[in-house]
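The primary structure of each chain is shown beneath.
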Amino acid sequence: MEGLARVLLSLLFLKTLLTIPALRAFASEAETPAKRWEEFERAVRDERLPLEEARRQIEAFRALLPAAYPLREFDGTLVFPLKGYGLRHVGGKRGEGYRPSRYEFVGPRRRVGHPAQDIFVYDGNQDGLDDRTGEPVAVLAFAEGVVVSAFAAWAPGLSVNGNGLRGGNYLWIYHPALRLFSYSAHLDRLHVTTGERVAGGQAVATLGRSGTNAYAERSPTHLHFMLLRLEDMRPVNPYPLLQAAREIR
Ligand SMILES: [Zn+2]
């Protein structure tokens, strides 16, 4: 009982300390860079950040992330991001589904083009399960990295600022050895949380049909897979990298 009282007292003391602005700033400094990137991603997604501020933050993360997660400590081996699938399941001929147009991570051009590859699975009855196994399809980490944003709160009809969330449930992973972010969308369940380090090929989620369009009946079940450069958050075509990736049966 005495121990509990002491804990409560020290919590109260901490709460008082945090009302001092300088110490509050220190507390947010203690957040991991991954968690800070997730906050940045949400602010961009929900259009809460002025464009100039968003661009400034992209530059700040360009220095912050490699300092926090040094590339020499991470392996760059590529793994195809769906278990039991491979290059022939990528939509279009030879990756022609990639249409970057003038896509930008921040600002109004977020919604242009299709700067990604769609990877389709066998799910004729659209129940989200693999027709061959009756099981969900495992989404695998593209390479070793750190989860920098994890969103699993999508529901049909959910919208932010009048826009439906197209990605549904999604994961962002930063891959230090590649200096790339991977974005995997239309997921069902996530197995990892922000800040977690993942191995290449680790099962990080199950594929689902979440997201405004992916949820619709006409949409075949697929993974939306995008890669953005740390340098400037511009997209790169995942196709050549998917060609080089190891497929897991
Ligand atoms: Zn897509």
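Basis of the calculations
Residues numbered from 1 in each chain as written. Predicted model: local features only at pLDDT ≥ 70, side-chain atom pairs only at ≥ 80, totals over all residues. Helix = DSSP H or I, 4+ residues; strand = E, 2+ residues; numbered from the N terminus. Buried ≥ 20, exposed ≤ 12 C-beta atoms within 10 Å, placed from the backbone. Contact = placed C-beta atoms within 7 Å. Expected span 1.5 Å × (residues − 1). Bend = angle between axes of the 7 residues up to and from the residue. Axes fitted to C-alpha atoms, helices over the stretch in contact; angles between N-to-C directions. Parallel < 35°, antiparallel > 145°, perpendicular 65-115°, else oblique. Left-handed = near helix turned anticlockwise from the far one by under 90°. Nonpolar A, V, L, I, M, F, W, Y, C, P; charged D, E, K, R; others polar. Pairing = 2+ DSSP bridges. Core = buried A, V, L, I, M, F, W, Y, C linked by C-beta atoms within 7 Å.

(A) Structural context of the overall build of the protein chain. The helix and strand tally for the protein chain stands at five helices and 11 strands. Here the protein chain, with 249 residues, has 35% of them falling under the buried criterion. The long-range share in the protein chain, meaning contacts at least 24 apart out of those at least 6 apart in sequence, stands at 70%.

(B) Local environment of helix α4 (residues 51–68). Compared with an ideal rise of 1.5 Å per residue, which puts 18 residues at 26 Å, α4 spans 25 Å between its outermost C-alpha atoms and is within 8% of the ideal. Of all the bends in α4, the greatest measures close to 30 degrees and is centred on Phe-61.

(C) Broad picture of the packing of helix α3 (residues 33–45) against α4. It is at 11 Å that the axes of α3 and α4 come closest, and there the two elements cross at 160 degrees. Between α3 and α4, the crossing angle belongs to the class labelled roughly antiparallel. The interaxial crossing formed by α3 with α4 has left-handed handedness. Contacts between α3 and α4 pair Pro-33, Trp-37, Phe-40 and Val-44 from the former with Ala-54, Gln-57, Phe-61, Leu-64, Leu-65 and Ala-68 from the latter. When grouped by side-chain class, the residues that make up the contact of α3 with α4 number nine nonpolar, one polar and no charged.

(D) Inspection of the pairing of strand β3 (residues 145–151) at higher detail. Buried residues dominate β3, accounting for seven of its seven residues. Sheet analysis places β3 next to strand β8 (residues 197–198), joined by two bridges and oriented antiparallel. Residue Val-146 lies in a different strand from β8, and its bridge partner there is Arg-197. Here β3 runs beside strand β6 (residues 169–175); their pairing, made up of five bridges, is antiparallel.

(E) Region of the structure containing the nonpolar core. Leu-82, Val-139, Val-147, Val-148, Leu-171, Ile-173 and Phe-181 are the most contacted members of the largest nonpolar core, which has 50 residues in total. Put simply, the parts of the chain that give this core at least two residues each are α3, β2 (138–140), β3, β6, β7 (180–190), β9 (203–207) and β10 (222–229). Non-local contacts of Val-139, meaning those with residues more than four positions away in its chain, are made with Pro-81, Leu-82, Ser-184, Leu-187, Val-204, Ala-205, Thr-206, Leu-207 and Leu-223.

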